[in-house]
Amino acid sequence: MATIRLGDEAPNFTAQTSEGEIDFHHWLGDSWGVLFSHPADYTPVCTTELGMASKYKQKFDQRNVKMIALSVDGVESHKGWIKDINETQHTTVNLPIIADEDKKVALLYDMIHPNADDKLTVRSVFVIGPDKKVKLIIVYPASTGRNFDELLRVIDSLQLTAYHKVATPANWQNGDDCVIVPSVPDEKIAELFPKGHTKIKPYLRITPQPNL
Ligand code: BEZ
């Protein structure tokens, strides 16, 4: 069992998926990626999540983010389940689902938390940057479906803060003001943030979102 932490390289693997065999790093290419696990096929919350993920795929594409799901069942099971998802969620599943029958990937990514359930995965989310480093980990219990708006919000923050010396405050949404990171000295602010800034405290300096 691996422990994966922020900043680690996302472990590579090969796997069968509902869309054929993949080498994960090759499949990611130069894109950002979201890898998320499902406790099992033909389960109700997962069915809604995969339907929602498919409806949101265009928003992830616009951000250059590829999505891939994982469930510890086989390809034929996935294909049958996808028909149910399409029917019940009024969508067309448009992302691959890893068939992790031997739990190789689930164990590699520490997606099985035995004190929660010793067989099924929890609902893990890994956001991976174009450098293949892990940028975000969120873990939900099986009983709680994910919020895809929150994933987009965090990805907007990750992509903004990767290229600008800002961080995003509580409840930030794309377009809101940002905070200037503490490593930027006051003397550099005018050059780096020509839109202006407000100094509320020496450590709390606010600027309009720089990439808009
Ligand atoms: C579900 O996806 O609906 C689910 C899976 C395992 C336990 C509880 C709910």
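Residues numbered from 1 in each chain as written. Predicted model: local features only at pLDDT ≥ 70, side-chain atom pairs only at ≥ 80, totals over all residues. Heavy atoms only, no water.

Novice: Mind showing me how you'd approach the site of the ligand here?
Specialist: Around the ligand lies a shell formed by Pro-39, Thr-43, Pro-44, Val-45, Cys-46, Arg-123 and Ala-142. At a separation of 3.1 Å, an oxygen atom of the ligand approaches a polar side-chain atom of Thr-43. The element best represented in the shell around the ligand is helix α2 (residues 44-62), accounting for three residues. Of the residues in the shell around the ligand, the class split is five nonpolar, one polar and one charged. (Near = heavy atom within 4 Å. Polar contact = N/O pair within 3.5 Å; in protein donor to acceptor, adjacent residues only side chain to side chain. Helix = DSSP H or I, 4+ residues; strand = E, 2+ residues; numbered from the N terminus. Nonpolar A, V, L, I, M, F, W, Y, C, P; charged D, E, K, R; others polar.)

Novice: Looking at this structure, how should I read the nonpolar core?
Specialist: Within soluble globular proteins, side chains that are nonpolar tend to cluster in buried spots. Grouped together as the largest cluster of nonpolar side chains are 28 residues, with contacts concentrated most on Val-34, Phe-36, Leu-50 and Phe-60. Put simply, the parts of the chain that give this core at least two residues each are β3 (32-38), α2, β4 (65-71), α3 (75-89), β6 (123-128), β7 (134-140) and α5 (148-163). Per-element accounting of this core gives the leading share, six residues, to α5. Apart from the residues lying within four places of it in its own chain, the contact partners of Phe-60 are Val-34, Val-65, Met-67, Phe-148, Leu-151, Leu-152 and Ile-155. Counting 21 residues, the second largest nonpolar core, distinct from the first, contains Ala-15, Trp-27, Ile-128 and Val-134. (Core = buried A, V, L, I, M, F, W, Y, C linked by side-chain atoms within 4.5 Å. Buried < 20%, exposed > 50% of the residue type's maximum accessible area, 1.4 Å probe, protein only. Contact = heavy atoms within 4.5 Å.)

Novice: Would you take a moment to explain α3 for this structure?
Specialist: Each α-helix winds once per 3.6 residues, and so residues spaced three or four apart point in a common direction. Here α3 is 15 residues long and its end C-alpha atoms lie 20 Å apart, about the 21 Å a rise of 1.5 Å per residue gives. For α3, the full list of buried residues reads His-78, Trp-81, Ile-82, Ile-85 and Gln-89. Along the axis of α3, the buried residues cluster in a sector spanning 115°; they form a single face. In α3, the exposed residues that point more than 90 degrees away from the buried face are Glu-76, Lys-83 and Glu-87. Where α3 is buried, its residues meet α2, β4 and β5 (97-99). (Expected span 1.5 Å × (residues − 1). Arc of directions from axis to C-beta.)

Novice: What am I meant to see in the environment of Leu-107 here?
Specialist: Tracing the backbone shows Leu-107 in helix α4 (residues 104-108). The class of Leu-107 is partly exposed, set by a relative accessible area of 42%. In this structure the C-alpha to C-alpha distance between Leu-107 and Asp-23, which are 84 residues apart in sequence, comes to 17 Å.

Novice: Hey, could you run me through the domain arrangement of the chain in this one?
Specialist: It is common to report an interface's size as the accessible area lost on association of the parts. According to the domain assignment, the chain contains domain 1 (14-146) and domain 2 (164-207). On a C-alpha basis, the centroid separation for the pair domain 1 and domain 2 is 35 Å. (Domains from an automatic or database assignment.)

Novice: Even after reading the chapter, I still don't get unusual backbone geometry, so can you show me in this structure?
Specialist: With glycine set apart, most residues show a phi of negative sign, and most peptide bonds adopt trans. Residue Asn-64 is not a glycine yet carries a positive backbone phi of 60°. Tracing the chain through its elements places Asn-64 in the loop between α2 and β4. Even without a glycine there, the phi angle at Asn-171 is positive, about 60°. Under the relative-accessibility criterion, Asn-171 is labelled exposed at 68%.

Novice: Is there a simple way to think about α2 in this case?
Specialist: Here α2 spans 28 Å end to end across 19 residues, near enough to the 27 Å set by a 1.5 Å rise per residue. Within the sequence span of α2, burial applies to Cys-46, Thr-47, Glu-49, Leu-50, Gly-51, Ala-53, Ser-54, Tyr-56 and Phe-60.

Novice: Would you take a moment to explain the pairing of β3 for this structure?
Specialist: For a regular strand, side chains alternate in direction, first toward one face of the sheet and then toward the other. β3 sits mainly inside the fold: seven of its seven residues count as buried. Side-chain alternation along β3 places Trp-32, Val-34, Phe-36 and His-38 on one buried face and Gly-33, Leu-35 and Ser-37 on a second face that is also buried. Here β3 pairs with β4 via seven bridges, running parallel. The residue bridging Val-34 from the neighbouring strand is Met-67, located in β4. Between the parallel pair β3 and β4, the chain is carried across by α2, and the sense of this crossover is right-handed. Bridge analysis of β3 against β6 gives four bridges, and the strand direction is antiparallel. If you follow Phe-36 over to β6, its bridge partner there is Val-125. (Pairing = 2+ DSSP bridges. Right-handed = clockwise from strand over helix to strand, strands pointing away.)

Novice: Explanation requested: the packing of α2 against α3 in the structure shown.
Specialist: How two helices pack is summed up by the angle between their axes together with the distance between the axes. Packing of α2 against α3 leaves a shortest axis separation of 9 Å and a crossing angle of 75°. With respect to α3, the axis of α2 lies roughly perpendicular. Between α2, through Cys-46, Thr-47, Thr-48, Leu-50, Gly-51 and Lys-55, and α3, the contact on the second element is made entirely by Trp-81, Ile-85, Thr-88 and Gln-89. Of the residues belonging to the contact of α2 with α3, the class tally is four nonpolar, five polar and one charged. (Axes fitted to C-alpha atoms, helices over the stretch in contact; angles between N-to-C directions. Parallel < 35°, antiparallel > 145°, perpendicular 65-115°, else oblique.)

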